[in-house]
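# Fold and contact review
Next come the chains, spelled out residue by residue.
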Amino acid sequence: GLHVTYDTLLSLTKEFLESINREIKALEDALKSENFRIATGLIHKLKGSSGNLRLNILSKLCKDAEVVIKQSEVPHSLLREIKNEISLLVQRIK
């Protein structure tokens, strides 16, 4: 299998967290305009990226949010939890 060093994972995680605010903003904009198809794609991408980086709590929150968005609903409380988890990760990784 693929062997990834801790440093590589840390570096990839930092890159991910630097770009995630743009992704969250795009997600919120899509949800505001009720473009659930775009929102589903964005949350699915976040779920996959966070899962690949072993950010399991974030990945699970995104998975739960994806279920809600696919029902054409806005997951307000899950979005708050996602943002909180991102803040915690950013603090932890600095």
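Computed from a predicted model, the values in this text were never measured in an experiment.

### Details of the layout of surface pockets
- A volume near 260 Å³ is recorded for the largest pocket.
- Contributing to the lining of the largest pocket are 14 residues, with Thr 13, Leu 55, Leu 89, Arg 92 and Ile 93 lying nearest its centre.

### Points about helix α1 (residues 6-32)
- Here α1 spans 38 Å end to end across 27 residues, near enough to the 39 Å set by a 1.5 Å rise per residue.
- The principal kink in α1, of about 40°, is found at Ser 19.
- Along α1, the positions that sit buried rather than exposed are Thr 13, Phe 16, Leu 17, Ile 20, Glu 23, Ile 24, Leu 27, Ala 30 and Leu 31.
- In this fold, the buried residues of α1 make contact with α2 (36-52), α3 (56-70) and α4 (76-93).
- Immediately downstream of α1, the backbone of Glu 34 shows phi near 55°, a positive value.

### Observations concerning the confidence of the model for the chain
- The pLDDT averaged across the chain works out to 94; a share of 98% of its residues lies at or above 70.
- Of all helices and strands in the chain, the one with the weakest mean pLDDT is α1 (93), whereas α3 scores best (98).

### Notes on the packing of α3 against α4
- Relative orientation of the contacting elements α3 and α4 amounts to 160°, with a least axis distance of 10 Å. In terms of orientation, α3 and α4 fall into the roughly antiparallel class. Every pair of crossing elements has a handedness; the one defined by α3 and α4 is left-handed. Here Ile 57, Leu 58, Leu 61, Cys 62, Asp 64, Ala 65 and Val 68 of α3 come into contact with α4, specifically with Leu 78, Glu 81, Ile 82, Glu 85, Ile 86 and Leu 89.

### Observations regarding the side chain of Glu 85
- Along the polypeptide, Glu 85 turns up in helix α4.
- No salt bridge is formed by the buried Glu 85; the nearest opposite charge belongs to Arg 92, separated by 4.6 Å.
- Non-local contacts of Glu 85, meaning those with residues more than four positions away in its chain, are made with Ile 57, Leu 58 and Leu 61.

Calculation rules
- Residues numbered from 1 in each chain as written.
- Predicted model: local features only at pLDDT ≥ 70, side-chain atom pairs only at ≥ 80, totals over all residues.
- Heavy atoms only, no water.
- 1 Å grid on protein atoms, 1.4 Å probe; cavity = no way out; pocket = protein on both sides within 12 Å on 5 of 7 lines; lining within 4 Å.
- Points joined across faces, edges and corners; volume = space filled by probe spheres on them.
- Helix = DSSP H or I, 4+ residues; strand = E, 2+ residues; numbered from the N terminus.
- Expected span 1.5 Å × (residues − 1).
- Bend = angle between axes of the 7 residues up to and from the residue.
- Buried < 20%, exposed > 50% of the residue type's maximum accessible area, 1.4 Å probe, protein only.
- Contact = heavy atoms within 4.5 Å.
- pLDDT = per-residue confidence, 0-100.
- Axes fitted to C-alpha atoms, helices over the stretch in contact; angles between N-to-C directions.
- Parallel < 35°, antiparallel > 145°, perpendicular 65-115°, else oblique.
- Left-handed = near helix turned anticlockwise from the far one by under 90°.
- Lys, Arg positive; Asp, Glu negative; His and termini not counted.
- Salt bridge = Lys/Arg side-chain N within 4 Å of Asp/Glu carboxyl O.

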